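Coordinates in review
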Amino acid sequence: MQITFTADGDAACTLAQKTVSSSTAFSIPISKQALQSGLRELLLNPEQRDVTVDAVMIDRSRDGLRVQAGGGRFELPYRHLLGLVLEAAE
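Along each chain, residue indices are assigned from 1 in the same order as the chain's sequence is written. It should be noted that, the model being predicted, local features are given only for residues of pLDDT at least 70 and side-chain atom pairs only at 80 or more, the latter also being counted only at that level, while totals for whole chains, interfaces and linings use all residues. Only hydrogens and water are removed before side-chain values are computed, so all heavy atoms of the structure are retained for them.

1. Section: the overall build of the protein chain
What counts here: Strands here are runs of E lasting at least two residues and helices are runs of H or I lasting at least four, both read from the DSSP assignment and numbered beginning at the N terminus. Here the radius of gyration uses the C-alpha set of atoms, whereas the globule reference equals 2.2 Å times the residue count to the power 0.38. Residue burial is assigned from relative accessible area. The probe radius is 1.4 Å, only protein chains are included, and a residue is buried under 20% of its type maximum, exposed over 50%, and partly exposed in between.
When helices and strands are counted, the protein chain shows two helices and seven strands. Listing every helix and strand of the protein chain by position from the N terminus yields β-β-β-α-β-β-β-β-α. In summary, the protein chain has a C-alpha radius of gyration of 12 Å against a globular reference of 12 Å for 90 residues, a match within 12%. Overall, the protein chain is about 35 × 30 × 30 Å in size when its C-alpha atoms are taken along their principal axes. Burial statistics for the protein chain: of 90 residues in total, 42% are counted as buried.

Shown next, in the form of structure tokens:
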């Protein structure tokens with residue numbers, strides 16, 4: 001599985017997941033930097049259960065973080081988070 005994190009202008013970003021048999025893209029109505037900040041906040045504070053950035057909620061599960069926006073959500077396994085957070089800093 002490969003997860004990518006791209007900016008869609010100044011006010012949106014997309015998380016995408018690609019496997020051998022499928023691909024999924026999840027559009028998020030906040031900037032890449034804002035999502036990165038929310039992910040970092042949650043990762044840096046293990047006692048915190050969730051964080052809200054504008055209309056997007058990021059919460060912690062046993063296996064990773066979940067990004068929820070509108071009626072959908074995107075699961076980010078812990079093993080993929082370091083690469084996404086570091087990539088977002090570029």
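Let us keep going from here.
2. Details of the sheet that holds strand β3 (residues 23–28)
Note the following rule: Here, a strand pair is defined by DSSP locating no fewer than two bridges between the strands. For helices, the fitted line uses only the C-alpha atoms of the stretch in contact; every axis is such a line through C-alpha atoms, and the angle between N-to-C directions lies from 0 to 180 degrees. We call two residues in contact whenever any of their non-hydrogen atoms come within 4.5 Å of each other.
Strand order in this open sheet of three strands is β1-β2-β3, and the pairing throughout is antiparallel. Each edge of the open sheet carries a strand with a single partner, namely β1 (2–7) and β3. The sheet shows a mean angle of 15° between the axes of neighbouring strands, taken without regard to direction. Strand contacts of helix α1 (residues 32–44): β1, β2 (13–18) and β3, with the helix running at about 130° to β1, the strand carrying the most contacts.

3. Some points on the side chain of Q48
Convention followed: Pairing of N or O atoms within 3.5 Å defines a polar contact, subject to two protein rules: one partner must be a possible hydrogen donor and the other a possible acceptor, and residues neighboring in sequence count only if both atoms are side-chain atoms.
Inspection of the secondary structure assignment puts Q48 in the loop between α1 and β4 (50–53). A polar side-chain atom of Q48 sits 3.1 Å from the main-chain carbonyl oxygen of D50. Not counting residues within four places of it along the chain, the set of residues in contact with Q48 comprises E41, L42 and R60.

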